[in-house]
Amino acid sequence: MSAAHSEVASGTRIKGIYAHLDCLLAGIEKLKEAGISGFQVLSPLPRHEILEAVYEGRPSPVRWWTLVGGVTGINTGLLLTSLTASQWPMINPGGKPVVALPPYAVIMFECTILFGALFTLAGLIVHCGLPGFGLDKSLQDPRVSDDKFGIAFLRASAKDLERIAAILSDTGAIEITRGDDTIYEVPNA
Amino acid sequence: MHESIDANRPDTYAAANRDIIRVLLKPNLGWAVLFIIATSMMLYGFWCEFQQLTWGLGIAGYNPPIMWGVYIVTFVFWVGIGHAGTLISAILFLVRSRWRTGVYRASEGMTVFAVMTALLFPVLHLGRAWQVYWFFPYPNQRYLWVNFKSPLMWDVFAISTYFTVSAVFFFIGLVPDLAIVRDHSTGLVKKIYSVLALGWHGTDRQWYHYMGAYGFFAALAAPLVLSVHSVVSWDFAMAVTAGWHSTIFPPYFVAGAIFSGCAMVITLLLPMTYAFKWFDYVNMWHFEHLAKMCLLTSGILTYAYGVEYFIGWYSQNPYEWGIFYWRATGEYSWAFWTMVFCNCVAPLPWYSRKLRTNPWVLFIISIFVNIGMWFERFNIVISSLAHQFDPATHAYYRISPIEYGIMIGSFGWFGFWFLLFLQTLPAIAIAEIKEMIAPPVRGATHVEAK
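This structure is a prediction, so every number in the text was calculated from the model and none was measured.

**Q** For this particular structure, what's the right way to read the overall build of chain B?
**A** Along the backbone of chain B there are 16 helices and 0 strands. Its C-alpha atoms give chain B a radius of gyration of 23 Å, within 12% of the compact-globule value 22 Å for 450 residues. With respect to the principal axes defined by its C-alpha atoms, chain B has extents near 80 × 55 × 45 Å. For chain B, the residues scored as buried account for 60% of the 450 residues in total. Looking at chain B alone, contacts between residues at least 24 apart form 81% of all its contacts between residues at least 6 apart. About 18,000 Å² of surface is accessible on chain B, with carbon and sulfur atoms providing 70% of the total. Across chain B, 26 positive and 22 negative side-chain charges occur, with their mean positions spaced 8 Å apart.

So, in structure tokens, the structure goes:
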């Protein structure tokens, strides 16, 4: 497939592969300075420098899922125990009140943790876009799970293409692909 | 074996990938022999359970007053073993302890499989295993719900929550590493790992939310380390039975669980490290920390044993003092002194650095600790039930062949899953190992983002 075929209405794929973390960070900074956005960074491990450069310290919204899960869990634990006991008040072991909060606190605690964890898992799946089988193939680069880094644009506008390629090249990308065609490559990098 | 974390660590991310996944799907003779032994033990356990289902719980030899026998002893033992994994993976993650990295994945695997094993025992102990759904609150025509005021019901919630959270934490940690295995495999294997890796490709978006969520999973799992065995201890402590009805039980059980879990990590990881020649990732530095954890918790246990006796004597309650005196001098004194030797005396050589960095000493003492911790639960469960308030009901409990078979089967079941894990999933967390390797940089100094 040629580069022309991979162009969609809103732009063209372009990706740079880096062998060095400092080069990658320089590439991200240069792109930001040039006012170019809409790129994704590929990395074999979670480096805090990359996340700082891209997200500038903003916390992940997954934390709200955890909070909602925890609140849902503690209420579920309280309601499950209290309402079921109220439904059959003749069961009154050990002279305890029908709705006895101290023994129910254990169930409420366990439900808080359980729901908190399950909601966090749901948040992770939603925000990470998992399962990610449908990711654009330019993001599916096996070298990235090994030891390389990458910057990928899925839909770069035509006016930015040359500038992006120049920035990727200037900051030390060892390979640049546009569409499916390699336009720049450092041998044996 | 090296005695430092940084000794001989690989220079590149690719080397870490290669070293850790090279052992996957390549069973050797040693692994095959162990797998056959574990599978045989497991099948023998299944046969014993089949006999029990056929002939009833009587075949397990339960007679009043001892209606909690080896099944409950072994249940508590396996729950305890399951503690070290979450302690290492969650609590040590939150406190940023470096020695966790090499050992946490295998410890987490051990936790999940140990809790899977523990979960079998309440079902086996039921006798009528097909009525296991009675454990759970479900609407029925009689509006009869489970009793949430019972510690047994707390236990159902505690263990099932612990298993769910541990399994999720284990799997989430695995996802980036499964993507590495996918990218290094071909054909059907690649397809299987592609599904397991959930389409992970290491984009900044994936890492950003992953790291956010991972911290919360750790924060949620950390209190479970303390709560689960506290709840298990209340199965006993809430009962008005001499030798059980004690407020010291929760911290005593938690310390015991961490003690046995860390010892089991040594028992499993030491041979694994030698078999796979993973000395660059797991070395004596890690095992020394595990031995120190065992020493700390052994000290807490020894103190707890002493306090139990002191309170029994100081309370001037003849029933309370009677059970403790009888444990040390009566028919079960052999079990009591085995426990004391294995848990209080056997770990003492680890106070010597020379001995705790000797692999043979480490391995042998860890086995003693595992034995001692099983006997601790035997002492608590059996001796108290055998020697209750009315002397006319005093009895002596003998483990039946079916109980032996099911207990052996549980070790086989655990070994079966753990050995499968070693062959199919990365037993060392590759992505986290990479975080400890200096990143490749072209410039003379490390460049931070502005």
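**Q** I tried to follow the sheet that holds strand β2 (residues 39-42) of chain A on my own but got confused; where do I start?
**A** In any sheet, the strands associate via hydrogen bonds between backbone groups, in a parallel or an antiparallel arrangement. Residues and elements named next belong to chain A. Read from one edge of the open sheet, 5 strands run β2-β3-β1-β4-β5, paired in antiparallel fashion. Unpaired on one side and paired on the other, β2 and β5 (181-185) mark the two borders of the sheet. On average, adjacent strands in this sheet sit at an angle of 15° to one another, irrespective of strand direction. Inspection of the sheet shows β2 paired to strand β3 (residues 149-156) by 4 bridges, in the antiparallel sense. For Phe39, the partnering residue across the bridge sits in β3 and is Phe153.

**Q** Teacher, can you tell me more about the interface of chain A and chain B here?
**A** Listed as interface residues are 76 residues of chain A and, on the opposing side, 64 residues of chain B. When residues of chain A are sorted by the area they lose upon contact with chain B, Asp22, Pro46 and Glu110 of chain A head the list and together hold 10% of the total. Remark: the boundary between chain A and chain B carries 0 salt bridges. Here chain A is connected to chain B by 23 residue pairs in polar contact (both at pLDDT 80 or more). Elements with a contribution of two residues or more to the side of chain A that touches chain B: α2 (21-33), β2, α3 (48-55), α4 (62-87) and α5 (101-128) of chain A. Here the side of chain A that touches chain B takes 18 residues from α5 of chain A, the largest share from any one element. Its residues assigned to classes, the side of chain A that touches chain B comprises 46 nonpolar, 18 polar and 12 charged.

**Q** Explanation requested: the state of the cysteines in the structure shown.
**A** Covalent bonding between the sulfur atoms of two cysteines is what defines a disulfide. Applying the stated rule across the entire model yields 0 disulfides over all chains. Cysteine Cys262 of chain B shares no disulfide, and the gap to the nearest cysteine sulfur, in Cys294 of chain B, comes to 5.1 Å.

**Q** So what exactly am I meant to see when it comes to the packing of helix α3 (residues 70-81) of chain B against helix α5 (residues 100-126) of chain B here?
**A** Any two packed helices are characterised by how steeply their axes cross, that is the angle between the axes, and by the distance between the axes. Residues and elements named next belong to chain B. Interaxial distance between α3 and α5 falls to 8 Å at its minimum, and their mutual angle equals 160°. In terms of orientation, α3 lies roughly antiparallel with respect to α5. In the packing of α3 onto α5, the handedness of the crossing is left-handed. For the pair formed by α3 and α5, the contact residues are Tyr71, Ile72, Thr74, Phe75, Trp78, Val79 and Ile81 on the first element and Met110, Ala114, Thr117, Ala118, Phe121, Pro122, Leu124 and His125 on the second. Considered class by class, the residues forming the contact of α3 with α5 number 12 nonpolar, 3 polar and no charged.

Rules and cut-offs
Residues numbered from 1 in each chain as written. Chains lettered and ligands numbered in written order. Predicted model: local features only at pLDDT ≥ 70, side-chain atom pairs only at ≥ 80, totals over all residues. Heavy atoms only, no water. Helix = DSSP H or I, 4+ residues; strand = E, 2+ residues; numbered from the N terminus. Rg over C-alpha atoms; globule rule 2.2 N^0.38 Å. Buried < 20%, exposed > 50% of the residue type's maximum accessible area, 1.4 Å probe, protein only. Contact = heavy atoms within 4.5 Å. Areas by Shrake-Rupley, 256 points an atom, 1.4 Å probe, with all protein chains shown as cover. Lys, Arg positive; Asp, Glu negative; His and termini not counted. Charge placed at Lys NZ, Arg CZ, Asp CG, Glu CD. Pairing = 2+ DSSP bridges. Axes fitted to C-alpha atoms, helices over the stretch in contact; angles between N-to-C directions. Buried area = accessible area lost by both parts, 1.4 Å probe. Salt bridge = Lys/Arg side-chain N within 4 Å of Asp/Glu carboxyl O. Polar contact = N/O pair within 3.5 Å; in protein donor to acceptor, adjacent residues only side chain to side chain. Nonpolar A, V, L, I, M, F, W, Y, C, P; charged D, E, K, R; others polar. Disulfide = S-S within 2.5 Å. Parallel < 35°, antiparallel > 145°, perpendicular 65-115°, else oblique. Left-handed = near helix turned anticlockwise from the far one by under 90°.

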